[in-house]
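Letter by letter, the chains look like this.
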Amino acid sequence: MAALKYAGLEDTDSEEELPPGWEERTTKDGWVYYANHLEEKTQWEHPKSGKRKRVAGGLPYGWEQETDENGQVYFVDHINKRTTYLDPRLAFTVEDNPVKPTTRQKYDGNSTAMEILQGRDLSGKVVIITGANSGIGFETAKSLALHGAYVILACRNTSRGNDAVQRILAEWHKAKVEAMTLDLASLQSVQHFAEAFKSKNVPLHILICNAAVFGAPWCLTEDGLESTFQVNHLGHFYLVQLLEDILRRSCPARVVMVSSESHRFTEIKDASGKLDFNLLSPSKKEYWAMLAYNRSKLCNILFSNELNRRLSPHGVTSNSVHPGNMIYSSIHRNWWVYTLLFTLARPFTKSM
């Protein structure tokens, strides 16, 4: 089992040891076959048990599959800077006809983005993530890029966006990442971003509307709207409208709205039950930062639901997601009281 050890894996409790002269190999798509060096032949069935197997899941983090000049598959460990012809997944094979597992929850609050994407090959997928230079947006961008996707970090601050790109490239030099300027507080900036993206003539498979402000003091954007409402909702609403045609042409595609459970603690209707537009972009006198944030998150969900109703028949789905309560990121930076609350809650909440 020296080869397994070289591949970075411990010896497993295999119940079927290969006879002398036999070697276990894998095809490019993960099926296991057996080579007999003495008789110079190969077969799908295990020489002792007669079972057929395949590898389970994807390559471990840091590994990449390549093909040499003779067409033989080999594996590169970018973390430890080594190569081997032994598939590192051979320690985790399953039978061709496994028993259907019992239904259980696959992921929980301790799951990481890398674990959820394990085994996924996102090569050829194009992704836009707003607010991707830090926090949840950055972790999402990094995870998708390390699994082969071409990821565009749509950031208000171009310098920070470029820094985020370099941090991802430092982990994997082949990652396809790029930063583009997008200021959701300016509808003109949203329009310019959409035009610049369209000029690339690439598809768009995933649009993640992640950027948000929280606890911000009242101010108006250059478009004359309250900033929390425009950044968290209206800017994303406009962005989706401008990119809808590309999403439809790229189907199957999806839109993900990063919302919050705090949407439950507000209302956007007046006493008669009608939509009150004054609540969406309130005056300074009527403004409360927490309520403004909650209302913007409610708008995210309502928009996502209606978007899914309209576009899902055309192959574009839309979902809203709650990322977790009080995750410690930079979102609380606008007021020291919020920073204190997030700091106190940090030991009890999910970390980055």
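Small disclaimer: the values here were computed from a predicted structure and weren't measured.

A word on the UniProt feature "domain: WW" (unreviewed entry) in the chain
- Using the residue numbers shown here, the UniProt feature "domain: WW" (unreviewed entry) corresponds to residues 16-49 and 57-90.
- Helix and strand shares over residues 57-90 are 0% and 38% respectively, and the end C-alpha atoms of the span are 11 Å apart.

A word on the packing of helix 6 (residues 227-249) against helix 8 (residues 289-311)
- Running from amino to carboxyl end, helix 6 crosses helix 8 at an angle of 15°, the nearest separation of the two axes being 8 Å. What the angle tells us is that helix 6 and helix 8 run roughly parallel. The handedness of the crossing between helix 6 and helix 8 is right-handed. Contact residues: helix 6 offers Thr228, Phe229, Asn232, His233, Phe237, Val240, Gln241, Glu244 and Arg248, while helix 8 offers Ala292, Tyr293, Ser296, Lys297, Cys299, Asn300, Phe303, Leu307 and Leu311.
- Across the contact of helix 6 with helix 8, the residue classes break down as 9 nonpolar, 6 polar and 3 charged.

Remarks on the sheet that holds strand 6 (residues 73-77)
- An order of 5-6-7 is seen for the 3 strands of this open sheet, with the pairing classed as antiparallel. Each edge of the open sheet carries a strand with a single partner, namely strand 5 (63-67) and strand 7 (82-84). Strand-to-strand twist of the sheet, defined as the mean angle between neighbouring strand axes without regard to direction, takes the value 30°.
- Pairing of strand 6 with strand 7 involves 3 bridges; the strand directions are antiparallel. By the bridge assignment for strand 7, Val76 is matched with Thr83.

Rules of the game
Residues numbered from 1 in each chain as written. Predicted model: local features only at pLDDT ≥ 70, side-chain atom pairs only at ≥ 80, totals over all residues. Heavy atoms only, no water. UniProt positions renumbered as here; feature names shortened; annotations may be inferred. Helix = DSSP H or I, 4+ residues; strand = E, 2+ residues; numbered from the N terminus. Axes fitted to C-alpha atoms, helices over the stretch in contact; angles between N-to-C directions. Parallel < 35°, antiparallel > 145°, perpendicular 65-115°, else oblique. Left-handed = near helix turned anticlockwise from the far one by under 90°. Contact = heavy atoms within 4.5 Å. Nonpolar A, V, L, I, M, F, W, Y, C, P; charged D, E, K, R; others polar. Pairing = 2+ DSSP bridges.

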